[in-house]
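This is what each chain is made of:
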Amino acid sequence: MSSSGLLWSCASQESKPALLLLRRALVWPHPRAGQAFMLLWVSVLVLAPVSGKSEAVAKPVISLHPPWTVVFTGETVTLTCHVLHLHAPQKIKRFLWYLEGRMLRETPGNTLEVRDSGQYRCQTQDSLPSDHVSLTFSSANLILQAPPFVFEGDSVVLRCRANAEITLDTTTLHRRGEVLSVSDESSDFRIEQASLKDNGDYRCSGFKNGCCSYSSNTINIEVQELFPRPVLTASLSPTVSGKSVTLTCKTQLPPLRSDVKLWFRFFKDDDMLQLGSESFLKIPTLTTRSRDPPYYWCEAQRGSSGVCKQSQKSQLRVQIPVSRPVLTLSPHGASVPEGHTVTLTCKAESGSFPILYQFLREEVVIQKMEPTQGMKSVMSLRAEHSGNYYCTADNGLGAQRSLPVYLTVTVPVSRPILTIRRPRSQVVEGDVVELYCGAWKGSPPILYRFYHEDNALGSSRVYSRGGASFKLPLSAEHSGKYACEADNGLGAWRSETVSLDIKVPASRPVLTVRTPRAQAVEGDVVELRCEAQRGSPPILYQFYREDNALGSSRVHSRGGASFKLPLSAEHSGNYSCEADNGLGARRSETVSLNVTVPASRPVLTVRTPRAQAVEGDVVELRCEAQRGSPPILYQFYREDVPLESSSAPSGGGTSFYLSLTTEHSGNYSCEADNGLGAQRSEVVPLSVIVPASHPTLTLRAPGAQAKVGDMVELRCEAQRGSPPIWYRFYHEDVPLGNSSAPSGGGASLNLSLTAEHSGNYSCEADNGLGARRSEAVPLSMSGLTGSRSGPIATGVTGGLFSTLGFGVVALLLYCRLPRKAGGRPTSDPSRSPADSDVREPVYHNAPAWLDLQPVYSNVNPKGGEVVYSEVRRIPQGSKPAANSDSVLGLLRTHLPSHGQAASHRPSDPPGSSVIYSQVKVACPSAYVAPQS
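Residues numbered from 1 in each chain as written. Predicted model: local features only at pLDDT ≥ 70, side-chain atom pairs only at ≥ 80, totals over all residues. Heavy atoms only, no water.

1. Describing the overall build of the protein chain
Summing up its helical and strand segments, the protein chain has two helices and 75 strands in all. Residues classed as buried in the protein chain amount to 40% of the 932 residues present. Considering only contacts in the protein chain between residues 6 or more positions apart, those separated by 24 or more positions represent 62%. With the model as given, the accessible surface of the protein chain reaches about 49500 Å², and the carbon-plus-sulfur share is 51%. (Helix = DSSP H or I, 4+ residues; strand = E, 2+ residues; numbered from the N terminus. Buried < 20%, exposed > 50% of the residue type's maximum accessible area, 1.4 Å probe, protein only. Contact = heavy atoms within 4.5 Å. Areas by Shrake-Rupley, 256 points an atom, 1.4 Å probe, with all protein chains shown as cover.)

Below is the structure:
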């Protein structure tokens, strides 16, 4: 089939013919034998280099959406990282994105939205970074947009785009400064079938009628090669009927265009053999030799009318491998004297020309001949080395090697060389040295003799290549000159003399530590003195602490060396020194040095079990000096008064435990002393807080008995507790109100009574260390219950009288005795008028039977010192003036006869009699709590 109509697109790439070799095993008659075989082998010959890039390692590829490298500021471009060939998508766990070479982000998917200008790359966990893609986010009025990559044959769209605020009437596309196209209808310009001629700088301009013109950015478009020129290769492949040759048209698409479909054409001379998407073609092998073999080539084309490229033309020919050569030597014989000329001839009986011959001795190439058109090659050499000699013949179809031929060259012995092998750089008395004598050439056997100052020491005969040795234990007398002699019967040779000097190693040195005082203290300067009693100078002295080098000194005469060391705490440890004169280093015994460090200023730490120190807590006083040699004695102080002392035998700190009371508030410090000067810590203040005690609730009413409408004062006070204290008041466990005492003391709550206020009252005190509740105080109001029967009142009243009788005597004694002893009078001028109000009854915590007690009135006849209380029995037939005056009896209060209070003295009810009387000394401090 003629291909003249199909070659127009690739005609510009016509190439010179090349040779494609086909080798196959064929049966071929030999003119000088009954029948022989010529083996022809198939190989693949690459006849032209591939101009494209090889895919050694696949890189990811970035695509853009929209497909422009320049967009307006504020728009978004989506980058997609495509992974090609190497990695299955399910194995990729993450994608790494880079901007300007710096890590930007890691994403689980292969897309990323960006809004910033710069060079972007992507990478997976197992791939190389992709090639960069440059993006520009422009704020200009007019931009020219183009795709990031352009390849041969691409249809390229260039878009001239104005921002949303500008409407253009005409747009113009420029290339390399020249107008390429003008349009007043569309802003898109198209380049069909891009090629290298379309390379260059592009920009666009826009014009708005009656207004102004605009110019865009410049974009450089570089059209890249879609695929390199194909290469035609050949290889043998087995078939059912025998063997065939597979021709392969090899080329490669770039990763960015891996989806492009290529068509391939195969040609033999001017005939097309195959057209299709397959890049290979099988043809039968040649069975006979041809004087004019045909030419083969191939074409690769994008689609049906795209980029087309053609391979070089190649031929298939039959060649004959070279036969095994034969090596001959001249003159004939197994032994040749050194220096004589020997001719080597290598001959192959058959093989295609040209043939390359090589000559070898013991696997080493000694001569490589030029390729020849003849069947043999000859070389001459001077007999110098005995050994096996070979030759090889190679015509490119497989090298063939001859059988070995052994050549013996007899050589007189050369002048030997004496070497003294010693166990160290300088020989030392007591060492064993080895005298080695060797002649670098000479036919064996060779007799070696050893001499010291021309006196024979010994001899040795060697039957193979190499020298002889003689071992000599050294003493001081062995210093002198040595020589050796070699003789193989063709003449004896004496070596040059070698001098031997015996040295004395340095003895074990002694280290002395010289200190300025009996005990080494931090800051002192000590002298380390090291000296070896024997040894050939110069001697290098090295000083060590715990095997760490401190310094060194070289002494060129007898004597020792010194090293001065300013001491610090880290210099405590074991010291040693080393003496070395090149014959072996000797280490001294270790000397211990203990550097005593004065105690540093200690730090006192007060460790409390909670945020604040509370009475009853156990606190830990921890004193510790960060530096100082043990043992360290620690002393604890409160307000400079010693509390406790403790020793730390191994260093570190020590603790002192203190069970807190209120008296323990104050300034604390501690002292550290290790015999080199005591150091006092800074002062640490400690404030002990006392929890609030159980409070006492007192009810104060304005009248003899609480009635509906009265204003009652509830007074709550905790006798102990660090301020501030928060007080809460309760009625039947229902909160009534609260009040704070910032400076301590108690707090009050005023309550206007209603019928619902009867019941039990309590209060609570809390200063942050736990709330404490008072005992309940019952309150009953008159008018809420009827009169009790006589028998009940009599029984209750009798019990009450007996209890009050004992109470009167006790109170008299309590209040009289302080006055006799010079105590404070019971009438306290500091009391407020409210505290001494004669009409104010005082309610303390009382038993639950308070509602059975009679009603009380207070009389203070002597200026508030003595209060008389009477309980009169009222006959059943008499009626009290008011229901609120009595329930079981009448409480009569005798007021003093002078002053305003006398007018308020109540008259005795008719028919009443005193059934109980009690004298009380008014001691407000015993039962009245101060107001807050």
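2. A few points about a negative patch on the surface
A cluster of like negative charges, contributed by D269, D270, D271 and D292, occupies part of the molecular surface. Tracing the backbone through its elements, the reader meets D270 in the loop between strand 23 (262-268) and strand 24 (271-276). For D270, a relative accessible area of 54% corresponds to the exposed category. (Patch = residues over 30% accessible without salt bridge, like charges linked within 9 Å, V, L, I, M, F, W, Y side chains within 5 Å. Salt bridge = Lys/Arg side-chain N within 4 Å of Asp/Glu carboxyl O. Lys, Arg positive; Asp, Glu negative; His and termini not counted. Charge placed at Lys NZ, Arg CZ, Asp CG, Glu CD.)

3. Here we look at the sheet that holds strand 59 (residues 653-659)
Strand pairing in a sheet relies on backbone hydrogen bonds. The paired strands run either parallel or antiparallel. If you walk across this open sheet you meet the three strands as 54-56-59, and the pairing is antiparallel. Both outer strands of the open sheet, strand 54 (603-607) and strand 59, are each paired with one neighbouring strand and no more. Across the sheet, the axes of successive neighbouring strands diverge by a mean angle of 20 degrees, strand direction being ignored. Direction of pairing for strand 56 (residues 618-624) relative to strand 59: antiparallel, over a ladder of seven bridges. In the strand pairing of strand 59, V619 is matched with L658. (Pairing = 2+ DSSP bridges. Axes fitted to C-alpha atoms, helices over the stretch in contact; angles between N-to-C directions.)

4. Quick word on the packing of aromatic side chains
Summed over the entire model, instances satisfying the criterion amount to four aromatic pairs. On the basis of an interplanar angle of 10 degrees and a centroid distance of 5.0 Å, the ring pair of F267 and W297 is categorised as stacked. Of this pair, F267 sits in strand 23 while W297 is found in strand 26 (residues 295-302), placing the two residues 30 residues apart along the sequence. Their ring planes at 25 degrees and their centres at 5.8 Å tell us that F450 and F470 sit as a pair that is stacked. Placement of the pair is F450 in strand 40 (residues 446-452) and F470 in strand 42 (residues 468-473), with a sequence separation of 20 residues. In this structure, R401 is placed above the aromatic ring of Y390, and the distance from its NZ or CZ to the ring centre is 4.1 Å. Cation over ring: R421 sits above Y436, and NZ or CZ is 4.0 Å from the ring centre. (Phe/Tyr/Trp six-rings, centres within 6.5 Å; stacked < 30°, edge-to-face > 60°. Lys NZ or Arg CZ within 6 Å of the ring centre and 35° of its normal.)

5. Describing the state of the cysteines
Taken as a whole and judged by the stated rule, the model has eight disulfides. One disulfide in the model links C249 with C298; its S-S distance is 2.1 Å. Classification of the bridge connecting C249 and C298 rests on its S-S torsion, roughly 75 degrees, and on that basis the disulfide is right-handed. Placement of the pair is C249 in strand 22 (residues 243-250) and C298 in strand 26, with a sequence separation of 49 residues. A disulfide bridge connects C530 with C577, and the sulfur atoms are separated by 2.0 Å. Every disulfide takes its handedness from the sign of the S-S torsion; for C530 and C577 that torsion is 70 degrees, giving right-handed. Highlighted residues: C530 in strand 47 (residues 525-531) and C577 in strand 51 (residues 573-580), separated in sequence by 47 residues. Given a relative accessible area of 0%, C530 falls into the buried group. Exposure remark for C577: the relative accessible area of 0% places this residue in the buried category. (Disulfide = S-S within 2.5 Å.)

6. Focus on the sheet that holds strand 16 (residues 188-191)
Reading across from one edge, 11-13-16 is the order of the three strands in this open sheet, with antiparallel pairing throughout. Each edge of the open sheet carries a strand with a single partner, namely strand 11 (142-145) and strand 16. Between one strand axis and the next, the sheet turns through 15 degrees on average, direction left out of account. Taken together, the four bridges between strand 13 (residues 156-162) and strand 16 define a ladder with antiparallel strand orientation. When the sheet's bridge partners are listed, L158 is paired in strand 16 with F189.

7. Examining the pairing of strand 49 (residues 548-555)
Where strand 48 (residues 539-545) lies against strand 49, seven bridges are found, and the strand directions are antiparallel. Directly across from I539, in strand 49, lies its bridge partner V555. Where strand 48 folds back on strand 49, the antiparallel hairpin that results is connected by two residues, among which E546 adopts a positive phi of roughly 50 degrees.

8. Here's the deal with the pattern of salt bridges
Inspection of the entire model under this criterion finds 35 salt bridges. Linking E620 and R607 is a salt bridge whose minimum nitrogen-to-oxygen distance equals 3.5 Å. Placement of E620 in strand 56 and of R607 in strand 54 is noted, with a sequence separation of 13 residues between them. A relative accessible area of 13% means that E620 is categorised as buried.

9. Topic: the nonpolar core
Counting 23 residues, the largest nonpolar core has L697, L699, L714, Y727, F729 and L753 as the members making the most contacts within it. The set of elements that each furnish at least two residues to this core consists of strand 64 (696-700), strand 65 (711-717), strand 66 (725-731), strand 68 (746-752), strand 69 (759-766) and strand 71 (777-779). (Core = buried A, V, L, I, M, F, W, Y, C linked by side-chain atoms within 4.5 Å.)

10. So, unusual backbone geometry
Residue P66 is bonded to the preceding H65 through a cis peptide linkage, with omega at 0 degrees. Position of P66 among the secondary structure elements: in the loop between strand 3 (61-65) and strand 4 (70-72). Backbone geometry at R176 places phi at a positive 50 degrees, although glycine is not the residue there. Among the secondary structure elements, R176 is positioned in the loop between strand 14 (170-175) and strand 15 (178-183).

11. Section: the confidence of the model for the protein chain
Low pLDDT means the predicted coordinates in that region are not meant to be read closely. For the protein chain, the average pLDDT comes to 78, and 75% of its residues sit at 70 or higher. In the model of the protein chain, strand 2 (residues 36-38) stands out as the element of lowest mean pLDDT, 32, in contrast to strand 4, which has the highest, 95. A low-confidence stretch, residues 812-910 stays under pLDDT 50, and its non-local contacts, those more than four residues away or across chains, total 188 contacts. Taken together, the stretch residues 912-932 has pLDDT below 50 and engages in 76 contacts with residues farther than four places along the chain or on a different chain. (pLDDT = per-residue confidence, 0-100.)

12. A closer look at the side chain of S588
Relative to the assigned elements, S588 resides in the loop between strand 52 (586-587) and strand 53 (591-593). Since its relative accessible area comes to 4%, S588 is described here as buried. Those residues in contact with S588 that lie beyond four places of it in its chain are R508, P509, V510, L511, S576 and C577.

13. Looking at the pairing of strand 67 (residues 734-741)
Where strand 66 lies against strand 67, seven bridges are found, and the strand directions are antiparallel. Across the sheet, residue Y730 finds its bridge partner in strand 67, namely P735. As consecutive antiparallel partners, strand 66 and strand 67 are separated by two residues, and within that stretch E732 has a phi angle of approximately 55 degrees, a positive value.

14. Here we look at the environment of S195
Take S195: it is sitting in the loop between strand 16 and strand 17 (200-207). Residue classification places S195 among the partly exposed positions, given a relative accessible area of 23%. Counting along the chain gives 29 residues from S195 to Q224, while the straight-line C-alpha distance between them is 8.3 Å.

15. Some words on the side chain of Q123
Of note, Q123 is situated in strand 9 (residues 118-124). One polar contact links Q123 to Y98, side chain to side chain, over a distance of 3.1 Å. Setting aside anything within four residues of it in sequence, one finds Q123 in contact with P60, C81, R94, F95, L96, Y98, L128 and P129. (Polar contact = N/O pair within 3.5 Å; in protein donor to acceptor, adjacent residues only side chain to side chain.)

16. So, the environment of R203
By secondary structure assignment, the location of R203 is in strand 17. A relative accessible area of 30% means that R203 is categorised as partly exposed. Considering only alpha carbons, one finds R203 and N217, 14 residues apart in sequence, at a separation of 6.0 Å. In contact with R203, not counting residues within four places along its chain, are L144, T172, L173, H174, S215, S216, N217 and T218. Side chain to side chain, R203 and S215 meet in a polar contact 3.1 Å long.

17. Digging into the environment of V591
Structurally, the position occupied by V591 is in strand 53. Residues V591 and R545, 46 residues apart in the sequence, show an inter-C-alpha distance of 9.5 Å. In contact with V591, not counting residues within four places along its chain, are L511, V513, G573, N574 and Y575.

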